[in-house]
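Survey of secondary and tertiary structure
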Amino acid sequence: MSVSRHLTPAFRAVSHHSVLLALLLIPLASAPARGACVGPSALEAKVKAHPTAEAYGQLGNWFGDRKQFACAAQSFQSAVRLMPKSAQLNYLLGLAYYESEKLDLAVPPLQRSVELDGSALKPHILLATAFMRRSQPQDAAPQWSAALKIDPSNEIALHGLSRCLVAMGDNSAVIGLLHDHKLDEDLAVDLAIAYTRTGMFDDATKTLNDTLKLYPNSVPLSNALVTVYMKLSQTDLAERIAETCYKAHPDDHNAQVSYMRTLVYNGDWAPARPVAKQLLASDPHAFDTLYLVGVLERQDGNYAAARDHLTEAVALNPTLANLRYNLGATLDRLHDSPAAITQLQQALALGDKDPEVHFELANALRATGKTEEAGKEMVAYQQAVQDKQNTVLAEAKSAEADVNLNKGDVQKAVQLSAEAFAAAPKNALIGYKYAMALDKANDLDGEHKVLEQVIAIDPTIALAQNQLGYLDSRRGDNAAAEKHFEAAVQAAPGFTQAWISLAATLGMESKFPQAQQAVANALRLDPNNSEAQQLRHDLGLAQSPQSHN
């Protein structure tokens, strides 16, 4: 008779229930002595008279039903010694250790369980969960995948694999997994993260906006959308979305943080003050609270409080450039110039390009008598101011060009785009928009030249690489086209059209195995893509013996 048939109802519920949502995590400091684990007299007598794996398994089930997981583990350990090749007993031993918060002890029997019987769903799920709790997503991923193969509709496994792939930074795999899947809040956020990381911002915003229609009160979806719009520098829109979410959920800490972040970024100090009080009351030592409240306190001239909060924030996250700047500027106001210099230099080293960093550093250096170094920082400040002004001008002209392009005045759009790129020649995004205006004007040579400049600035702009590949293909330069399409998919592995273009180019070069792999990648991302399906068919025909007759 199998041990699994003797699971008592409550422990059976624990072993079948969602380990991500409802496993009871009751820590016990150490395993009790055998004498402390006393079961019902009938079971104890059975174990004593017939110490079989089945008897120990029944005793372990009894302890598990009563949430005495350390005692359950002890009984299942005895059962496994007697029946080491039982997948079920190894699973139950791993479950008991897991419930006892002994993850290191839980993993080996769970691994043995899946090795002995890879067709059982629960051991894969529990093992994956244990790996994730041990911050081992690379080990968890195969277990989530195995669980999905057993039950493709299992939502626990789908969410687990998605979260695991996000943690690993495997963005193309996330896109492939979720691209055509019905999304809930968590899956939509995961997919948007993958899209954003690969520069596919339109797909990210569409995913989040579409899912928000289904879950209009979702704080995670709203916060994710705010983050994307902040990355796109659409800060006013980000603030409006964050404000709407905050007003609907005024007591939600995450909604407070998201709204506060947009208020601080946009310099809307008045509405930020009551939100800051809420953050300090709800979670005073959280990084976001310390950082955002510290910036507000610095703005309000409350330098001592700002110093304390920002210093605590730096201890939690020393790599945020703007945080270092704010702490440095605060220390300078408190006449601690040496400490201010250290923080401001760190801000520059971490990539802060705001002119004010140079200005504050010049003041701190001057206060310590380092006048020559202060002079160099003032020169850098003036150059940074000029660069910032040029960028503002360029963005304004580029926006005006977009308006004219939408109205159909292509020549005016080209002129404004050219002026924008001239004002900010190191801005790859503005350069790309200039190239697209030239494309509308059918100035393909000019477009090619500008795109070459764009990828020289930033070779990871997948759209620019893909467009260059298209232009090179039109010129008949398949080798150059292949290079650019390859760069596009490397920069954005979820870029379906780039995979299709790469496959077509490889096919024209008779590189059929590589072409088939590229089109397979496209179909993995978009299984219903008719262009990719036709290309796969054409590549198959090109490789058939009849095609060479």
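Below is a short write-up of the structure.

Definitions and limits used
- Throughout this document, residue positions are counted from 1 along each chain, in the order its sequence is written.
- Where local features are concerned, this predicted model is filtered to residues with pLDDT of at least 70; where side-chain atom pairs are given and counted, the filter is 80 or more; whole-chain, interface and lining totals use all residues.
- Side-chain figures throughout are based on the complete set of non-hydrogen atoms in the structure, without hydrogens or water.
- Labels follow the DSSP assignment, with helices taken as runs of H or I lasting at least four residues and strands as runs of E lasting at least two, numbered in each case from the N terminus.
- Expected helix span is computed as 1.5 Å times (number of residues minus one).
- Exposure categories follow from relative accessible area, calculated using a 1.4 Å probe and restricted to protein chains: below 20% of the type maximum is buried, above 50% is exposed, and the middle band is partly exposed.
- Put simply, a nonpolar core is a bunch of buried Ala, Val, Leu, Ile, Met, Phe, Trp, Tyr and Cys residues held in one set by side-chain atoms that sit within 4.5 Å of each other.
- For salt bridges, the criterion is a side-chain nitrogen of Lys or Arg within 4 Å of an Asp or Glu carboxyl oxygen.

Structural notes on helix α3 (residues 53–65)
If you check α3, its first and last C-alpha atoms are 18 Å apart, about what 13 residues at 1.5 Å a residue would give, namely 18 Å. Counting buried residues along α3, 12 of its 13 residues qualify, which places the element largely inside the surrounding structure. K67 lies just past α3 and shows a positive phi near 60°.

Considerations on the nonpolar core
Membership of the largest hydrophobic core comes to 129 residues, with the highest contact counts inside it found for W144 and M260. Sorting elements by how many residues they give to this core places helix α5 (residues 87–99) first, with 8 residues. Formed by 21 residues, the second largest nonpolar core is a distinct cluster that contains A394, Y432, A437 and L471.

A short note on the pattern of salt bridges
Working definition: two side chains of opposite charge can pair if their charged atoms are close together. Summed over the entire model, instances satisfying the criterion amount to 17 salt bridges. K206 is paired through a salt bridge with D210; the nearest N and O atoms lie 2.7 Å apart. Here K206 and its partner D210 are both found in helix α12 (residues 201–214), 4 residues apart, which amounts to about one turn of the helix. Given a relative accessible area of 32%, D210 falls into the partly exposed group. In this structure, D332 and R333 form a salt bridge, with 3.7 Å as the shortest nitrogen-oxygen distance. Given the relative accessible area of 33%, R333 is considered partly exposed. Beyond isolated ion pairs, a larger network of salt bridges with shared partners links D332, R333 and E360.

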